[in-house]
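# Architecture at a glance
Single-letter residue listing:
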Amino acid sequence: MKALLDKINLELERRTDEIDAPKRIKESVKYSLLAGGKRLRPVMLLKSAGMMGGGGETAMAFACALEMIHTYSLIHDDLPVMDNDELRRGKPTNHVLFGEALALLAGDALLNLAYETILNALMHDPSAQAISAAAVIARAAGMNGMIGGQVLDVDGAQEQDEALALKEMHLKKTGALFEAAVLAGAILAGAKEEEIALLREYAHNFGMVFQITDDILDVTGDVKVLGKSIGKDEAANKVTYVSVYGLERARELAIEHVHKANDCLDKLQADSSYFKQLIQGLIDRDR
Ligand code: IPE
Ligand code: IPE
Ligand code: MG
Ligand code: MG
Ligand code: MG
């Protein structure tokens, strides 16, 4: 696992080192991208490809692209116009250090670099599978995926049914990139339709568990371990699993999603033990 993380980190570093850009934007981009996140999305893309019998350079490029998109979403999420956060990945947020204009541009630059990375990979591997995986990532990052979820988050619950609205928001703002990770990896490896459908269902449940535990950690977390500030959701009057269901019920719901996710994995032929462990580990995560 450590070897895989090191590899991803080195790849991200190499891909940003080689860019010829004004010093400040390069610094700002590298600051957030190389700040030491958990790298869950790239790891999941590569593990999904591996599980379904694939991998290789295209998968690594797409994994890096996904982490770039995720990091851009964090930089923008932390901006004063959104969550106004000052701590991320255990360090001051991008805008605190570089100013809002640079933070905005660093996010834009990372999103752009992600697609440049994907397109460069497609030039070497223009297979139908690679093109399809690229489209999955683009769709997940957009308005019907992560960005759409962020809109639901900043607008607050508008729907009558608060529970349903909350689930939709979590599936989009957080679930979409996890879904892209698992599906892009599987598609690159040539997974079949039935396998893709099961993995999609797994990823939905994974996204739910991840964001429910994120909501819980905003209440119960330790700033030093978590690397981001706590108590912000309540202070900002955010609709979260904790605000709607309370801590205990939120935890139960997370566990229900773990069971649903495992049911999907059980129907796969491939050895999915890594993904079972990964989702189980979310329940007691502290970061
Ligand atoms: C944080 O994601 C944003 C959410 C979707 C809740 P992570 O918890 O994966 O953040 P890093 O990448 O490890 O910093
Ligand atoms: C963030 O959700 C989701 C995205 C960045 C897309 P949160 O706002 O809850 O994430 P944290 O808690 O700031 O990491
Ligand atoms: Mg947010
Ligand atoms: Mg936030
Ligand atoms: Mg949060």
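## What to know about the side chain of D214
Tracing the chain through its elements places D214 in helix α10 (residues 193–220). We classify D214 as buried; its relative accessible area is 16%. Side chain to side chain, D214 and Q211 meet in a polar contact 3.2 Å long. A polar side-chain atom of D214 sits 2.7 Å from a polar atom in the side chain of K228. In this structure, D214 is in contact with K228 and R285, ignoring residues within four places of it in sequence.

## Here's the deal with the coordination of the magnesium ion (ligand 4)
Around the magnesium ion (ligand 4), the protein contributes the donor atoms D77 (OD) and D83 (OD), at 2.0 to 2.1 Å from the metal centre. Separating the magnesium ion (ligand 4) from the magnesium ion (ligand 3) is a distance of 3.1 Å, and D77 supplies a donor atom to each of them.

## Looking at the site of ligand 2
Contacts to ligand 2 come from S73, L74, D77, D83, R88, M146, Q150, K173, Q211, D214 and K228. One nitrogen or oxygen atom from the side chain of D83 is found 2.7 Å from an oxygen atom belonging to ligand 2. D214 is positioned with one of its side-chain polar atoms (N or O) 3.2 Å from an oxygen atom of ligand 2. In isolation ligand 2 exposes 390 Å². Once the protein is present, 91% of that is buried. It is helix α4 (residues 57–78) that contributes the most residues to the shell around ligand 2, three residues altogether. Residues that form the shell around ligand 2 fall into these classes: two nonpolar, three polar and six charged.

## A look at the site of ligand 1
Around ligand 1, a shell composed of G37, K38, R41, H70, L74, R88, R89, T174, F210, Q211, D214 and K228 is seen. Within the side chain of K38, an N or O atom sits 2.6 Å from an oxygen atom of ligand 1. One of the side-chain nitrogen or oxygen atoms of R41 is found 2.8 Å away from an oxygen atom of ligand 1. Out of a free accessible area of 390 Å², ligand 1 has 89% covered by protein chains. Among the secondary structure elements, those contributing two or more residues to the shell around ligand 1 are α4 and α10. A per-element tally of the shell around ligand 1 places α10 first, with three residues. Considered class by class, the residues forming the shell around ligand 1 number two nonpolar, four polar and six charged.

## A closer look at the packing of aromatic side chains
Here a ring pair, both rings aromatic, is described through the centre-centre distance and the interplanar angle of the planes. A complete count under the given rule lists eight aromatic pairs for this structure. Relative to F206, the ring of F178 has its centre 4.9 Å away and its plane inclined at 65°; by these criteria the two rings are edge-to-face. Separated by 28 residues along the polypeptide, F178 in helix α9 (residues 162–188) and F206 in helix α10 bring together distant segments of the chain. Overall, the relative accessible area of 0% leaves F178 in the buried class. In this structure F206 comes out as buried when scored by relative accessible area, which is 0%. Centre to centre, the rings of Y202 and F206 are 6.0 Å apart; their planes meet at 40°, and the pair counts as tilted. Separated by four residues within a single helix, Y202 and F206 lie in helix α10, roughly one turn from each other. Residue Y202 shares its accessibility class with F206, and that shared class is buried. One aromatic cluster is present, formed by F178, Y202, F206, F210, Y274 and F275 through successive ring pairs. Above the ring of F210, the side-chain terminus of R41 is found at 5.6 Å from the ring centroid. Positioned above the aromatic ring of Y274, the side-chain terminus of K47 is 4.7 Å from the ring centre.

Cut-offs and rules
- Residues numbered from 1 in each chain as written.
- Chains lettered and ligands numbered in written order.
- Predicted model: local features only at pLDDT ≥ 70, side-chain atom pairs only at ≥ 80, totals over all residues.
- Heavy atoms only, no water.
- Helix = DSSP H or I, 4+ residues; strand = E, 2+ residues; numbered from the N terminus.
- Buried < 20%, exposed > 50% of the residue type's maximum accessible area, 1.4 Å probe, protein only.
- Polar contact = N/O pair within 3.5 Å; in protein donor to acceptor, adjacent residues only side chain to side chain.
- Contact = heavy atoms within 4.5 Å.
- Donors = N, O, S within 2.8 Å, 3.2 Å for Na, K, Ca; no water.
- Near = heavy atom within 4 Å.
- Areas by Shrake-Rupley, 256 points an atom, 1.4 Å probe, with all protein chains shown as cover.
- Nonpolar A, V, L, I, M, F, W, Y, C, P; charged D, E, K, R; others polar.
- Phe/Tyr/Trp six-rings, centres within 6.5 Å; stacked < 30°, edge-to-face > 60°.
- Lys NZ or Arg CZ within 6 Å of the ring centre and 35° of its normal.

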